[in-house]
Amino acid sequence: MSIDTETARRVAKLARIKVEDDALPALASEFSAILGFIEQLNEVDVDGVEPMTSVTPQRLKRRADVVTDGDQQEAVLKNAPDAREGFFAVPKVVE
Amino acid sequence: MSDLTKLTIAQARDAMRKGDTSSAEITSACLTAIAGADALGAFVHHTPEIAQAQAAAADTRIKAGDAPDMCGIPLGIKDLFCTKGVPSQAASRILEGFKPEYESTVTTQLFDAGAVMLGKLNMDEFAMGSSNETSVYGNAVNPWRRGNDDTALTPGGSSGGSASAVAADLCLAATGTDTGGSIRQPAAFVGITGMKPTYGRVSRWGIVAFASSLDQAGPMTKDVRDAAIMLKAMAGHDPLDSTSADLPVPDFEAALTGDIRGKAIGIPKEYHMDGMPEEIEQLWADGTAMLKDAGAKIVDITLPHTKYALPAYYVIAPAEASSNLARYDGVRFGHRAKLAQGDGITEMYEKTRAEGFGPEVQRRVMVGTYVLSAGFYDAYYNRARRVRALIKQDFEKVFADGIDAILTPATPSAAFGLGEMTDADPIQMYLNDVFTVTVNLAGLPGIAVPTGQDKQGLPLGLQLIGRPWEEGELLNVAYNLEQSAGFVAKPAKWW
């Protein structure tokens, strides 16, 4: 399957990665090559096969619904690029 | 004692217990070796103060007779492991300056057992790569060279720094992680032992996630016995990782009897790839003969969906990566782009991720985004997960037929030159994992053992694949192969 520049632009947008216009054609051609490789999977008969969710059949363990951690505001914010007054700070989201 | 850095874990353990040397001495020898090995690009963050303090504490424990096997052993830690207060960047610009407030379960267990951290090791960015060339720190370099040719070779990837450091005797062993071959391929490229345990054997908590259904940490060591010792210290159930198995951890070292008489070793016909170098075919045939001579039964087997493992992997791994890497948004940790007047939060995300992720990571995140997007989810992602189920069934069938372990080449070639693959399309690089990736998709344990050298003197390795949770038996077959192959070559020091 061939990926066009518009699709490459849309995928970059969905992935929230800024790609300059002049880089889109090369990106589209790389996607096309990778998807062409992936398309070998269409040769496989997968009728009646369930998609794998876990390599080891297991039920996830349960635990009591109680607070086990907390009061770590300082540690949580320690690596933030911009933290103010106990919060993560970001550009204005609401006009 | 001389050459303290060349000791295996087992030798160092025994020598320290006898009082012939101390952790402080071995650690100091390693720190000196590291300081003289910048040209290898293996260690990217140095932690000599932590190492010396841990070594002193270990020596106290050893003197008191309270010394687990890993006590006092100096290790390198792959940069993918979060280590409290020490930069943990996954070799990415987007985690520049990130110092975790917590310690990964694996490093916690190793340090609780008395192990010593010398520093953090180079790798491909977010473990995405097979040559360590996608790292923000620059290349890690293989200590091996092609005869007298001084071309710099790759140590493989993604655990390239770990491989280089262990092969060059900068540390006694190192942690690695393996999503599609990232422990076994670099181990084979530098002539050391590398093991990926069964999925769920080792906790993933505190390891920067790439593809969560495939990622598994394991030991990279100088021999098979060391892999057994170190795996025991790394493994075990962890309530913080819901996929970690609540199973007892056996004494893997005790499983190393070397007796493999009557064991059935499968040789899968699909691993004879077109265009595979004669040397690899020969290496594989030699390894098969060694196991046969040791009394194993050699059985031709078929794993019919092998051909589809790489394409399935290159749907599933990028899909999971696109989801896991969504957290790098410039808000909570790491890099945030400088914003222009009027930029809002979307521009912040887009610019941050464009600046912070390198080209291979961007490519995989976007491929993952595409295969998960509306209209393509079934055609790509669900189809790949169905093929993955078939790949796992292939293995289940041969194990049900009585196969104890499977022998294959570890890599399709010896280490290649840094930069040699730059102009190739990404798929050429992906082919490095052709023999290893099936093991991740099926969640099985696999180990790479050095068994020979190519015409130019570069190490070559074979891979053994075992039944789930049977790492002890797998290590024992590997131990036998190691003894028969007698690989003892070391790279000549040029750095």
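How each quantity is defined
- Residues numbered from 1 in each chain as written.
- Chains lettered and ligands numbered in written order.
- Predicted model: local features only at pLDDT ≥ 70, side-chain atom pairs only at ≥ 80, totals over all residues.
- Heavy atoms only, no water.
- Helix = DSSP H or I, 4+ residues; strand = E, 2+ residues; numbered from the N terminus.
- Rg over C-alpha atoms; globule rule 2.2 N^0.38 Å.
- Buried < 20%, exposed > 50% of the residue type's maximum accessible area, 1.4 Å probe, protein only.
- Areas by Shrake-Rupley, 256 points an atom, 1.4 Å probe, with all protein chains shown as cover.
- Lys, Arg positive; Asp, Glu negative; His and termini not counted.
- Charge placed at Lys NZ, Arg CZ, Asp CG, Glu CD.
- Contact = heavy atoms within 4.5 Å.
- Salt bridge = Lys/Arg side-chain N within 4 Å of Asp/Glu carboxyl O.
- Nonpolar A, V, L, I, M, F, W, Y, C, P; charged D, E, K, R; others polar.
- Phe/Tyr/Trp six-rings, centres within 6.5 Å; stacked < 30°, edge-to-face > 60°.
- Polar contact = N/O pair within 3.5 Å; in protein donor to acceptor, adjacent residues only side chain to side chain.
- Axes fitted to C-alpha atoms, helices over the stretch in contact; angles between N-to-C directions.
- Left-handed = near helix turned anticlockwise from the far one by under 90°.
- Disulfide = S-S within 2.5 Å.
- Pairing = 2+ DSSP bridges.

Engineer: Tell me what's going on with the overall build of chain A, and back it up with residues and numbers.
Structural biologist: Scanning chain A from terminus to terminus reveals three helices and two strands. Reading the secondary structure of chain A in the N-to-C direction produces α-α-α-β-β. The C-alpha radius of gyration of chain A comes to 23 Å, more than 25% above the 12 Å expected for a compact globule of 95 residues. Projected onto its principal axes, the C-alpha positions of chain A cover 55 × 45 × 25 Å.

Engineer: Lay out the overall build of chain B with the relevant residues and their values.
Structural biologist: Helix and strand counts for chain B stand at 15 helices and 11 strands. For 495 residues, the compact-globule estimate of 2.2 N^0.38 gives 23 Å, and chain B sits close to it at 21 Å. Across the 495 residues of chain B, 67% fall into the buried class. Surface accessibility of chain B: about 16100 Å² in total, with carbon and sulfur atoms responsible for 50%. One finds the centroid of the 44 positive side-chain charges in chain B at a distance of 3 Å from the centroid of its 59 negative side-chain charges.

Engineer: Mind laying out the interface of chain A and chain B, listing which residues take part and the relevant values?
Structural biologist: Counting residues at the interface gives 50 residues for chain A and 64 residues for chain B. Counting across the interface, chain A meets chain B through five salt bridges. For the salt bridge of Lys307(B) with Glu43(A), the shortest nitrogen-to-oxygen distance reads 3.2 Å. Only helix 1 (5–14) and helix 2 (24–38) of chain A provide two or more residues apiece to the side of chain A that touches chain B. Classifying every residue of the side of chain A that touches chain B gives 31 nonpolar, seven polar and 12 charged.

Engineer: Kindly report on the packing of aromatic side chains, identifying the contributing residues and their values.
Structural biologist: Residues and elements named next belong to chain B. Scanning the model with the defined rule gives 17 aromatic pairs over all chains in all. For the pair Phe126 and Tyr328, a centre-to-centre distance of 5.0 Å together with 50 degrees between the ring planes defines the contact as tilted. Of this pair, Phe126 sits in the loop between strand 3 (116–121) and helix 5 (160–167) while Tyr328 sits in the loop between helix 9 (309–324) and helix 10 (345–356), and the two are 202 residues apart along the sequence. Here Phe126 and Tyr328 have matching classes, each one buried. Between the aromatic rings of Tyr314 and Tyr430, the centroid separation amounts to 3.6 Å while the plane-to-plane angle is 5 degrees, which identifies the pairing as stacked. Of this pair, Tyr314 sits in helix 9 while Tyr430 is found in helix 13 (residues 426–430), placing the two residues 116 residues apart along the sequence.

Engineer: Which residues make up the side chain of Asp79(B), and what are the values?
Structural biologist: All names here are of chain B. In this fold, Asp79 is placed in the loop between strand 2 (74–78) and helix 4 (105–112). For Asp79, a relative accessible area of 0% puts it in the buried group. In this structure the side chain of Asp79 is engaged in a polar contact, spanning 3.1 Å, whose partner is the backbone nitrogen of Ala90. Those residues in contact with Asp79, other than ones at most four positions away along the chain, are His45, Pro87, Ser88, Gln89, Ala90, Ala91, Lys120, Leu121, Met123 and Tyr137.

Engineer: Break down unusual backbone geometry for me, citing the residues and quoting the values.
Structural biologist: Residue and element names in this part refer to chain B. Here the residue pair Gly157 and Ser158 is connected by a cis peptide bond, since its omega of 10 degrees sits within 30 degrees of zero. Positive phi outside glycine occurs at Ala91, with the angle close to 55 degrees. Its place among the elements puts Ala91 in the loop between strand 2 and helix 4. Classification of Ala91 as buried rests on a relative accessible area of 0%. Residue Asn132 is not a glycine yet carries a positive backbone phi of 60 degrees. Mapping Asn132 onto the fold places it in the loop between strand 3 and helix 5.

Engineer: Please set out the environment of Tyr313(B) residue by residue, giving values where relevant.
Structural biologist: All names here are of chain B. With respect to the helices and strands, Tyr313 occurs in helix 9. C-alpha separation for the pair Tyr313 and Arg336, spaced 23 residues apart in sequence, amounts to 31 Å. The contact partners of Tyr313, leaving out residues within four places of it in the chain, are Thr179, Gly180, Phe210, Leu214, Pro318, Val437 and Leu441.

Engineer: Summarise helix 7 (residues 224–234) of chain B; cite the residues concerned and give the values.
Structural biologist: Residues and elements named next belong to chain B. Burial of helix 7 is extensive: nine of the 11 residues sit out of reach of the surface. Backbone nitrogen of Arg225 and a side-chain oxygen of the N-cap are separated by 3.3 Å at the start of helix 7; the cap is Asp223. Immediately beyond the C-terminal end of helix 7, within one or two residues, lies Gly236, with a positive phi of roughly 130 degrees.

Engineer: Give me the packing of helix 2 of chain A against helix 11 (residues 359–372) of chain B: which residues, what numbers.
Structural biologist: For the pair helix 2 of chain A and helix 11 of chain B, interaxial distance at closest approach is 11 Å and the crossing angle is 65 degrees. The element helix 2 of chain A and its partner helix 11 of chain B pack so that their crossing is right-handed. Across from Leu27(A), Glu30(A), Phe31(A), Ile34(A) and Leu35(A) in helix 2 of chain A, the residues of helix 11 of chain B making contact are Arg363(B), Met366(B), Val367(B), Tyr370(B) and Val371(B).

Engineer: Please provide a residue-by-residue account of the state of the cysteines, values included.
Structural biologist: Following the criterion strictly, the structure yields zero disulfides over all chains and no others. A disulfide-free cysteine, Cys30(B) has its sulfur positioned 6.7 Å from the sulfur of Cys171(B), the nearest such atom.

Engineer: Could you give an account of the sheet that holds strand 3 of chain B, naming the residues involved and the relevant values?
Structural biologist: Residues and elements named next belong to chain B. Ordered in space as 1-3-2-4-6-5-10-11-9-7-8, the 11 strands form an open sheet in which the pairing is mixed. With one partner strand each, in any of the chains shown, strand 1 (43–46) and strand 8 (297–301) form the two edges of the open sheet. Sheet twist, expressed as the average angle between the axes of neighbouring strands with direction ignored, equals 30 degrees. Taken together, the three bridges between strand 5 (residues 193–196) and strand 10 (residues 446–453) define a ladder with antiparallel strand orientation. By the bridge assignment, Met195 is partnered in strand 10 with Ile447. Most of the contacts of helix 2 (residues 23–35) go to strand 3, to which it runs at about 20 degrees, and overall it touches strand 1, strand 2 and strand 3.

Engineer: Describe the pattern of salt bridges, with residues and values.
Structural biologist: Following the criterion strictly, the structure yields 30 salt bridges over all chains and no others. Across the pair Lys61(A) and Asp246(B) runs a salt bridge, and its minimum N-O distance is 2.9 Å. Here Lys61(A) is found in the loop between helix 2 and helix 3 (73–77), whereas its partner Asp246(B) is found in the loop between helix 7 and strand 7 (264–268) on a different chain. Among the residues examined, Asp246(B) registers a relative accessible area of 48% and is labelled partly exposed. The partner of Arg201(B) in a salt bridge is Glu471(B), with the nearest N and O atoms 3.0 Å apart. One end of the pair, Arg201(B), is in the loop between strand 5 and strand 6 (216–221); the other, Glu471(B), is in helix 15 (residues 471–485), and 270 residues separate them in sequence. Judged by relative accessible area, Glu471(B) falls into the buried class, the value being 0%. One network of salt bridges, with partners in common, ties together Arg13(B), Asp14(B), Arg17(B), Asp69(B), Arg225(B) and Glu253(B).

Engineer: Account for the side chain of Ser159(B), naming residues and giving values.
Structural biologist: Residue and element names in this part refer to chain B. Secondary-structure assignment places Ser159 in the loop between strand 3 and helix 5. A relative accessible area of 0% places Ser159 in the buried class. Non-local contacts of Ser159, meaning those with residues more than four positions away in its chain, are made with Lys78, Gly176, Thr177, Ser182, Ile183, Pro186 and Met220.

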